[in-house]
Amino acid sequence: MRQTVRQTMGQAVRQAAKATVHLALGVGLAMFSIGFITVLLITAIGTIAVVGAALLPETVLLIRRMAGAKRSMTSDWTGREIHEAYLPITGPLRDRLRTAILDPGTFTDVRWMVADYAYGGLGFFAVPLWPAGLLIDGVWCGLLGRRPVVLPLITRLADLDAAWSAALLKPSPRARLTERVEQLTQTRAGAIAAHSAELRRIERDLHDGAQARLVSLSMRIGLAKRAYDRDPQAAWRLLDEAQEHAEEALAELRHVVRGIHPPILTDRGLAGAVRALAASSGIEVIVQADDFDEGPRAPAAVEAAAYFVVAEALTNAARHSGSGKAEVSLIRTGTGVRVVVRDDGKGGAVLSGDGTGGTGLSGMRRRVAALDGTFAVTSPVGGPTVIEAELPCVW
C-alpha cells in the first residue's frame with residue numbers, strides 16, 4: 001500500500017514538474033510579448049508616417065515566429081500538432097505589405113498575442129502551489145493514503161494554457177481556404193508546366209523518330225518505283241530497306257504511346273505493370289504489391305502517375321545510386337495509393353523546394369501534385385534513398 005502511495009506521489013511530482021516547465025516557458029514568451037509592444041508601436045508609427053512602412057512585414061514575420069514557438073510548446077504538451085496557415089511574404093515592398101495586412105493568419109497571431117498578455121501569466125500561480133502541494137499532498141498521501149489534490153492543479157493550469165493557445169492559434173476557416181487556394185494555384189501552374197513539357201517531349205519524339213523514319217520510308221518507296229523497270233534487284237533492296245524503316249517507325253510510335261499511357265497498365269493493372277518494370281530493370285527489384293492483386297482498381301490517372309513514379313525512381317536507382325538492389329512497395333490506403341521506392345545506394349539526391357532539383361525528381365513531384373498528392377524524397381549522403389508518393393483516390 002505504501003509503495004503504491006509513493007508511486008502515486010512520485011508521478012504527481014513529475015507531472016507537476018513537467019507542467020511547471022511548460023508554464024515557465026509560457027511566462028517567458030508572454031514577458032517577451034509585453035516587451036515587444038515597443039516594437040509594435042514603432043512599427044505602427046513608422047507605417048502611418050510611410051517612411052517606416054518596410055518595418056511592417058518584418059514585424060509580422062517576427063510575430064509569426066513567436067506564434068510558431070507557442071504552437072510548438074502547445075504541441076509538445078498536448079501531443080497534437082497545431083497546423084499553421086500563412087501566405088508567403090515575398091516580392092516587392094507593396095506586395096509584402098499587402099500580404100502582411102490581408103493575410104488572415106496575421107489577425108490570428110495578433111489576437112493570440114493580445115490574449116497571451118492575460119493568460120500567459122498562469123505560470124505564476126504554480127509558484128505558491130508547489131510548497132502547498134508538497135506539504136498538503138505529502139500528508140494527504142502519506143498519512144491518509146489518498147490521491148494528491150494540490151499538485152495536479154499545476155497540471156490543470158498547463159492544460160488550461162494549452163487549451164486556450166490551441167483555440168487561439170488554430171487557423172481560421174478563411175485562412176485554411178486562402179492557403180488551399182494558394183496551394184491549388186501552385187499545383188495548377190505545375191500541372192500546366194508538366195503538360196506543356198509532355199507535349200514538347202511527344203512532339204520531339206515524333207519529329208526526331210517516327211517522322212524521320214516515315215520520310216525515309218517515303219523516299220525509298222519513290223526510288224524503288226523509279227528503279228523497278230530498269231533494275232528490279234535494286235528496287236527490291238530499296239523495298240526491303242523501306243520495310244525496315246516502317247518497322248522502326250512503328251517501334252518509335254509504340255514508344256511514344258507508352259510514354260503517354262503504357263498499354264500494360266490497361267492490360268495488367270498497376271501491380272502487374274510495376275512487376276514488369278522490375279523484371280526489365282537493370283538492378284534487382286523486390287516488389288510488394290499484395291494489396292493490389294485483388295479488389296477495385298485505382299483511377300487511370302492515379303495508376304499512370306504511380307507507374308511513372310516507380311519507373312523514374314528505378315531508372316535513377318540504376319543510373320545514379322550505385323546500388324544493385326531496390327524495393328518497391330505499393331500500399332492501398334483508405335484514401336488512396338502510397339508508393340515507396342527504396343534503394344541502398346550512395347544517396348545525395350536533392351529535391352529543392354522551388355522545383356529546381358533534378359529533372360526526374362521535379363517531374364515526379366509535378367505529376368503527383370497535379371493529382372493533389374504529396375511527394376517526398378529522403379536521401380542522406382551514404383544512403384538509403386527513399387522516394388514516397390501519396391496519391392488520393394476514392395475506391
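Here the structure is a predicted model, which means the values were calculated and not measured.

(A) Here's a closer look at the nonpolar core. Counting 38 residues, the largest nonpolar core has Leu270, Val310, Leu314, Val337 and Val339 as the members making the most contacts within it. Of the residues forming this core, the biggest block, 12 residues, is contributed by helix α11 (residues 300-321). Core analysis: the second largest hydrophobic core is formed by 30 residues, Leu122, Cys141, Ala162 and Leu168 among them.

(B) Broad picture of the pattern of salt bridges. Overall, the coordinates contain 11 salt bridges when judged by the stated rule. Ionic pairing is found between aspartate 161 and lysine 70, a salt bridge with its closest N-O pair at 3.2 Å. Placement of aspartate 161 in helix α7 (residues 151-169) and of lysine 70 in helix α3 (residues 55-78) is noted, with a sequence separation of 91 residues between them. Since its relative accessible area comes to 2%, aspartate 161 is described here as buried. For lysine 70, a relative accessible area of 0% translates into the label buried. When the shortest N-O distance is used, the salt bridge between arginine 342 and aspartate 344 registers 3.4 Å. Residue classification places arginine 342 among the partly exposed residues on the basis of a relative accessible area of 35%. Assessed through its relative accessible area of 52%, aspartate 344 is described here as exposed. Sharing partners across several salt bridges, the network here consists of Arg71, Glu84 and Asp109.

(C) How the structure looks around the environment of proline 380. One can find proline 380 in the loop between β4 (374-378) and β5 (385-392). With a relative accessible area of 40%, proline 380 lands in the partly exposed category. In the structure, proline 380 is positioned 30 residues away from valine 350 in sequence and 9.0 Å away in space, judged by C-alpha atoms. Beyond its immediate sequence surroundings of up to four residues, proline 380 is in contact with Lys346, Gly347 and Gly348.

(D) Here's a closer look at the pairing of strand β3 (residues 336-343). With respect to burial, β3 is a largely interior element, 6 of its 8 residues being buried. Relative to β3, strand β2 (residues 325-332) is paired through 7 bridges, and the arrangement is antiparallel. Following the sheet pairing, glutamate 327 is matched in β3 by arginine 342. If you look at the hairpin formed by β2 and β3, you'll find 3 residues sitting between the two strands. Relative to β5, β3 runs antiparallel, the two being bridged by 8 bridges.

(E) Layout of the packing of aromatic side chains. Within this structure, the stated rule accounts for 2 aromatic pairs. Summarising the aromatic geometry, the rings of tyrosine 119 and tryptophan 164 are spaced 5.5 Å apart at their centres and angled 80° between planes, so their arrangement reads as edge-to-face. Taken as a pair, tyrosine 119 in helix α5 (residues 104-119) and tryptophan 164 in helix α7 lie far apart in primary sequence, 45 residues in all. Aromatic side chains tyrosine 307 and phenylalanine 308 sit 5.6 Å apart centroid to centroid with 80° between the ring planes, which places their arrangement in the edge-to-face category. A relative accessible area of 16% means that phenylalanine 308 is categorised as buried. Between the NZ or CZ atom of arginine 332 and the centre of the ring of phenylalanine 292, over which it lies, the distance is 5.0 Å.

(F) Molecular detail of the environment of alanine 304. Mapped onto the fold, alanine 304 is located in helix α11. With a relative accessible area of 10%, alanine 304 lands in the buried category. Taking the C-alpha atoms as reference points, alanine 304 and leucine 265, 39 residues apart in sequence, are found 7.4 Å from one another.

(G) A look at the confidence of the model for the chain. Looking at the chain as a whole, its pLDDT mean stands at 82, while 87% of the residues score no less than 70. Per-residue pLDDT stays below 50 along residues 354-358; that stretch engages in 8 contacts with residues further than four places along the chain or on separate chains.

(H) Representation of helix α4 (residues 93-102). All of the buried residues along α4 are Arg96, Leu97, Thr99 and Ala100. One face of α4 carries all of its buried residues, which in axial projection span an arc of 165°. Seen from the open side of α4, the exposed residues pointing more than 90 degrees away from its buried face are Arg94, Ile101 and Leu102. Here the buried face of α4 lies against α3 and α5.

(I) Spatial organisation of the side chain of aspartate 116. Considering the arrangement of structural elements, one finds aspartate 116 in helix α5. Put simply, aspartate 116 is tucked away with no salt bridge, and the nearest opposite charge, on lysine 70, sits 4.5 Å away. Ignoring anything within four residues of it in the chain, the contact list for aspartate 116 reads Leu29, Ala30, Ser33 and Lys70.

(J) Main features of unusual backbone geometry. Glycine 383 connects to proline 384 through a cis peptide bond whose omega is -5°. Position of proline 384 relative to the elements: it lies in the loop between β4 and β5. Positive phi, close to 65°, is recorded for aspartate 372, a residue that is not glycine. Its location among the elements puts aspartate 372 in the loop between α12 (359-369) and β4. For aspartate 372, a relative accessible area of 34% translates into the label partly exposed.

(K) Structural view of the packing of helix α10 (residues 263-280) against α11. Relative orientation of the contacting elements α10 and α11 amounts to 25°, with a least axis distance of 10 Å. The orientation of α10 relative to α11 falls into the category roughly parallel. In the packing of α10 onto α11, the handedness of the crossing is left-handed. Contact residues: Ile264, Leu265, Gly269, Leu270, Ala273, Val274 and Leu277 in α10; Glu303, Ala304, Ala306, Tyr307, Val310, Ala311 and Leu314 in α11. Tallied by class, the residues present in the contact of α10 with α11 amount to 12 nonpolar, 1 polar and 1 charged.

Reading the values: the criteria
- Residues numbered from 1 in each chain as written.
- Predicted model: local features only at pLDDT ≥ 70, side-chain atom pairs only at ≥ 80, totals over all residues.
- Heavy atoms only, no water.
- Core = buried A, V, L, I, M, F, W, Y, C linked by side-chain atoms within 4.5 Å.
- Buried < 20%, exposed > 50% of the residue type's maximum accessible area, 1.4 Å probe, protein only.
- Helix = DSSP H or I, 4+ residues; strand = E, 2+ residues; numbered from the N terminus.
- Salt bridge = Lys/Arg side-chain N within 4 Å of Asp/Glu carboxyl O.
- Contact = heavy atoms within 4.5 Å.
- Pairing = 2+ DSSP bridges.
- Phe/Tyr/Trp six-rings, centres within 6.5 Å; stacked < 30°, edge-to-face > 60°.
- Lys NZ or Arg CZ within 6 Å of the ring centre and 35° of its normal.
- pLDDT = per-residue confidence, 0-100.
- Arc of directions from axis to C-beta.
- Lys, Arg positive; Asp, Glu negative; His and termini not counted.
- Axes fitted to C-alpha atoms, helices over the stretch in contact; angles between N-to-C directions.
- Parallel < 35°, antiparallel > 145°, perpendicular 65-115°, else oblique.
- Left-handed = near helix turned anticlockwise from the far one by under 90°.
- Nonpolar A, V, L, I, M, F, W, Y, C, P; charged D, E, K, R; others polar.

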